[in-house]
Amino acid sequence: MRVHGLREELEHQGISRRDFLAFCASMAAVLGLPASAGPAIAAAVENEQKPILIWLEFQDCAGNTESLLRAGHPTVADLILDSISLSYHETLMAAAGSQAEQALTQAVRDNAGKYIALIEGSIPSDADGAYCMIGGKSALQIAREICGGAAATIAVGTCASFGGIPAARPNPTGALSVADAVPGVKNLINMSACPANAENITALIVYYLTLKRWPPLDQYRRPLFAYGKSIHDNCERRAHFDAGQYVDAWGDEAHRHGHCLYKMGCKGPATSQNCPVVRWNEGTNWPIGCGHPCIGCAEPNFWDTMTPFYQRLPNVAGFDVGSWVDPVGLGLTGLVAAAAVAHGVGEIVRHRIGSKASSEDGSEAE
Ligand code: SF4
């Protein structure tokens, strides 16, 4: 079977060159590159052969698959399901039962050592893996076989990356992350979050197609382009944090004016991801933009360490900010706040907010 280039596939689907270039520019933005890198990405990617992707779902809610199917245009579904070859995906493929198993066997056999495995969901290890069986094999067996023969493995979502909700106390199934279930797996990349942002997954694959290597990773094997900064670093409410302007109750005036959600339990200071920049639903909005605090879903053990979600947890790593917010009890009238905010930044920010008082979203990312 002839393997088509990505550009050829997109043309075949009726995706215009203009849309393709817009897509490449958006990928440059996700990767933290200037828009001028878009044409270079396009040139590198369009003649590439399609990578072979094998997507397995284990102990999960299919939230990452749902996220994948609802990204921008060309949709990630256009790109990955059609243009890039997604050879096996239990939720999306038409085949079922033994036909599906044959498809998986054939995809692995035909592309041994070359395919990319994407794993969604944690992998139960108790009871010999009996909590998740597919085609008579445990998820543990399948993961070891498929990831063991892959050129790279992408753990999609927090369950695959760190065990996620299934691994939260008391972890009744012995749920494991891919890293723990398949020790020593080659080129493992964790794309945590609940769900993982489809733009980031696509950008990761585009990065690989463009540069023929995987991006630099952080200590949790997550790409720095997506996880190199905390939510707090880029949050559009950060100026309100620095100025001591906090929401104290749902629906209060501060909430209506887009002030900081730290006192409502926001875990943005302890969570690394590019949500404030990439956002969701074609960049429409994101949780904090909608007035909901970050729950820290991209971090290891978030269900155990970041709950209760609507309470401040000053002892969570990264929350040293609380050491001065809590005792001071900062409010809009807080003269003390100005003194506590490092090096007088509060005054500057207050002035900037004042000059933007008519802006409802307070969108002045630092
Ligand atoms: S809403 Fe959360 S992430 Fe944003 S500035 Fe406040 S504490 Fe930081």
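Residues numbered from 1 in each chain as written. Predicted model: local features only at pLDDT ≥ 70, side-chain atom pairs only at ≥ 80, totals over all residues. Heavy atoms only, no water.

J.: Describe the packing of aromatic side chains, with residues and values.
T.: Under the criterion given, the structure shown has nine aromatic pairs. Aromatic side chains Y208 and W214 sit 4.1 Å apart centroid to centroid with 10 degrees between the ring planes, which places their arrangement in the stacked category. Relative accessible area serves as the criterion here: at 16%, W214 is assigned to the buried category. Between the aromatic rings of F302 and F309, the centroid separation amounts to 6.2 Å while the plane-to-plane angle is 20 degrees, which identifies the pairing as stacked. Among the residues examined, F302 registers a relative accessible area of 2% and is labelled buried. (Phe/Tyr/Trp six-rings, centres within 6.5 Å; stacked < 30°, edge-to-face > 60°. Buried < 20%, exposed > 50% of the residue type's maximum accessible area, 1.4 Å probe, protein only.)

J.: Give a description of helix α10 (residues 198-211) that names residues and reports values.
T.: Compared with an ideal rise of 1.5 Å per residue, which puts 14 residues at 20 Å, α10 spans 20 Å between its outermost C-alpha atoms and is within 8% of the ideal. Of all the 14 residues making up α10, twelve are buried; the element is thus mostly covered by neighbouring parts of the structure. Taken as a whole, α10 has its buried residues at A198, E199, N200, I201, T202, A203, L204, I205, V206, Y207, L209 and T210. Where α10 begins, the capping side chain belongs to N197, and its oxygen is found 2.9 Å from the backbone nitrogen of E199. (Helix = DSSP H or I, 4+ residues; strand = E, 2+ residues; numbered from the N terminus. Expected span 1.5 Å × (residues − 1). Polar contact = N/O pair within 3.5 Å; in protein donor to acceptor, adjacent residues only side chain to side chain.)

J.: Which residues make up the packing of helix α3 (residues 37-46) against α10, and what values do they have?
T.: Closest axis-to-axis distance for the α3/α10 pair is 8 Å, and the angle between their directions is 75 degrees. Judged on the interaxial angle alone, α10 and α3 are roughly perpendicular. Seen from α3, the contacting residues are I41, A44 and V45; seen from α10, they are V206, L209 and T210. Considered class by class, the residues forming the contact of α3 with α10 number five nonpolar, one polar and no charged. (Axes fitted to C-alpha atoms, helices over the stretch in contact; angles between N-to-C directions. Parallel < 35°, antiparallel > 145°, perpendicular 65-115°, else oblique. Contact = heavy atoms within 4.5 Å. Nonpolar A, V, L, I, M, F, W, Y, C, P; charged D, E, K, R; others polar.)

J.: So what's going on with the site of the ligand? Which residues, and what values?
T.: Close contacts around the ligand come from 13 residues, with H232, C235, C260, L261 and C266 the closest. For the shell around the ligand, the elements supplying multiple residues, two or more each, are α12 (231-234) and α13 (238-242). For the shell around the ligand, a count of residues per class yields nine nonpolar, two polar and two charged. (Near = heavy atom within 4 Å.)

J.: Break down unusual backbone geometry for me, citing the residues and quoting the values.
T.: Residue P195 is bonded to the preceding C194 through a cis peptide linkage, with omega at 5 degrees. Here P195 shows up in the loop between β9 (188-191) and α10. That bond from T307 to P308 is cis: its omega, -5 degrees, falls within 30 degrees of zero. Its place among the elements puts P308 in the loop between α16 (302-305) and α17 (322-328). The backbone phi angle of R221 is positive, close to 65 degrees, even though this residue is not glycine. Structurally, R221 is set in the loop between α10 and α11 (224-227). A positive phi angle is found at N301, which is not glycine, with a value near 55 degrees.

J.: How would you sum up the environment of L56? Please name residues and give values.
T.: Counting through the fold element by element, L56 comes out in strand β1 (residues 52-57). For L56, a relative accessible area of 0% corresponds to the buried category. Residues L56 and V156 lie 100 residues apart in sequence; the distance between their C-alpha atoms is 9.8 Å.

J.: Run through the packing of helix α2 (residues 17-30) against α3, naming residues and quoting values.
T.: With their axes 8 Å apart at the nearest point, α2 and α3 run at an angle of 115 degrees to one another. In terms of axis orientation, α2 runs roughly perpendicular to α3. The handedness of the crossing between α2 and α3 comes out as right-handed. Taking contact as the criterion, the partners of R17, F20, L21, C24, A25 and A28 in α2 are, on α3, A37, G38, I41, A42, V45 and E46. Residues of the contact of α2 with α3, tallied by class, amount to nine nonpolar, one polar and two charged. (Left-handed = near helix turned anticlockwise from the far one by under 90°.)

J.: So what about the pairing of strand β3 (residues 116-120)? Which residues, and what values?
T.: One face of the sheet, then the other: side chains in a regular strand alternate in exactly this way. Judged by how many residues are buried, β3 sits mostly within the fold: five of five residues are covered. Side chains of β3 alternate between two faces, with I116, L118 and E120 and A117 and I119 buried alike. Both β1 and β3 contribute to a ladder of five bridges, which runs parallel. Among the inter-strand pairings, I54 is bridged to a residue of β3, identified as A117. (Pairing = 2+ DSSP bridges.)

J.: How would you explain the nonpolar core if you had to name every residue and give the values?
T.: Formed by 43 residues in total, the largest nonpolar core has its most connected members in L118 and I154. Those elements that place two or more of their residues in this core are α2, α3, β1, β3, β7 (152-156), β9, α10 and α11. Tallying contributions element by element places α10 first for this core, with seven residues. The residues that make up this core include at least three from each of domain 1 (6-227) and domain 2 (231-355). (Core = buried A, V, L, I, M, F, W, Y, C linked by side-chain atoms within 4.5 Å. Domains from an automatic or database assignment.)

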